[in-house]
Amino acid sequence: GKYYSVNFPLRDGIDDTTFESIFEPVIGKVMETYQPSVIVLQCGADSLTGDRLGCFNLTVKGHAHCVDFVKSFNMPVLILGGGGYTIKNVARCWTYETARALNVDVSNDLPYNDYFEYYGPDFHLHITPSNMTNQNSPDYLEGVKMRLFENLRAISHAPSVQMRDVPPDAPHTNEHESQQEEEDQPSRVGDEKRVSIRAHDKRVTGNGEFSDSEDEGDGRKDHRSSRDLPNSVSNASAPCPPVPEQ
């Protein structure tokens, strides 16, 4: 719905420092407004420098800083993959971020493996940003950030499923119905059991309420076989006598 989706449009060439300067305050405000109990974090790698389709200039360390920041809220986090079209950098990024999620330090020197030649010429885990121009000015980023904060402020409370009491198995009767039920209860005067007229009317069955079945009573049902009947189906199929001519 309106104001519930948060999108921050960025221009080409954003680097680690600039990205961190907007990621932390925006995500912090989102956490304050939504108050989630669990986080699903998608770590798309198409924002890394040198991506075939992306136009940003992030390094693996700058990308992983976002994982560290989300982890700092100390709540369950499900980390997913995402985009990324320079495969060797995607592998670098997700390897390092898996290590950050597990609080494990990994070496910058890649171990030898069947695909070792893909990571040349330096054969390192981390990548170096390019010299592309960062088109995201401080004024532009501040303006977008304040607009997002205003949108989040329009949400009156943390969106969630409202808690409701489970209804009882049977509906409660009102005072009038309860009084009538008490009046319908049979009373006893001495040795005589008295039933109210209203309770007696409830026990009366209308004439059209039930119908007798075909085999109730004597002689109600014909148990003879159709073969024993004089006008059976087989006799009815016999040819009729010819009609005399006039």
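Our subject is the structure that appears above.
Residues numbered from 1 in each chain as written. Predicted model: local features only at pLDDT ≥ 70, side-chain atom pairs only at ≥ 80, totals over all residues. Heavy atoms only, no water.

### Quick word on the nonpolar core
- Within the largest apolar cluster, 36 residues are counted, with the highest numbers of intra-cluster contacts made by Phe8, Phe19, Phe23, Val26 and Leu48.
- Of all the secondary structure elements, the ones that give two or more residues to this core are α1 (16-34), β1 (39-42), α2 (60-71), α3 (87-101) and α4 (138-153).
- Ranked by residue count, the leading element in this core is α1, at seven residues.
- When near neighbours in sequence (up to four residues on either side) are disregarded, Phe8 contacts Ile22, Val26, Leu141, Val144, Lys145 and Leu148. (Core = buried A, V, L, I, M, F, W, Y, C linked by side-chain atoms within 4.5 Å. Buried < 20%, exposed > 50% of the residue type's maximum accessible area, 1.4 Å probe, protein only. Helix = DSSP H or I, 4+ residues; strand = E, 2+ residues; numbered from the N terminus. Contact = heavy atoms within 4.5 Å.)

### A word on the packing of aromatic side chains
- Under the definition given, this model contains seven aromatic pairs.
- With centroids separated by 6.5 Å and ring planes inclined at 85 degrees, the aromatic side chains of Tyr4 and Tyr34 adopt a geometry described as edge-to-face. Taken together, the residues Tyr4 in the segment before α1 and Tyr34 in helix α1 connect sequence positions 30 residues apart.
- Relative to Phe23, the ring of Phe19 lies with its centre 5.9 Å away and its plane at 20 degrees, an arrangement referred to as stacked. In this pair, Phe19 and Phe23 both sit in helix α1, four residues apart, roughly one turn of the helix. Accessibility assignment for this pair places Phe19 and Phe23 in one class, buried.
- Members of the aromatic cluster, each reached through a chain of ring pairs, are Phe19, Phe23, Phe69 and Phe73.
- Directly above the aromatic system of Tyr140 lies the positively charged group of Arg11, at a separation of 3.7 Å from the ring centroid. (Phe/Tyr/Trp six-rings, centres within 6.5 Å; stacked < 30°, edge-to-face > 60°. Lys NZ or Arg CZ within 6 Å of the ring centre and 35° of its normal.)

### Some thoughts on the environment of Leu58
- Position of Leu58 relative to the elements: it lies in the loop between β1 and α2.
- Relative accessible area serves as the criterion here: at 1%, Leu58 is assigned to the buried category.
- As for Leu58 and Ile127, which are separated by 69 residues in sequence, their C-alpha atoms are 9.2 Å apart.

### Some points on the pattern of salt bridges
- Within this structure, the stated rule accounts for five salt bridges.
- One salt bridge in this structure joins Asp68 and Arg100, with 3.3 Å as the shortest N-O distance. Remark: Arg100 occurs in helix α3 and Asp68 occurs in helix α2; sequence separation between them is 32 residues.
- Overall, Arg100 belongs to the partly exposed group, its relative accessible area being 22%.
- With a shortest N-O distance of 3.2 Å, Lys145 and Glu142 are connected by a salt bridge. Taken together, the residues span about one helical turn, with Lys145 and Glu142 both in helix α4 at a distance of three residues. (Salt bridge = Lys/Arg side-chain N within 4 Å of Asp/Glu carboxyl O.)

Read these as geometric descriptors, not functional statements.
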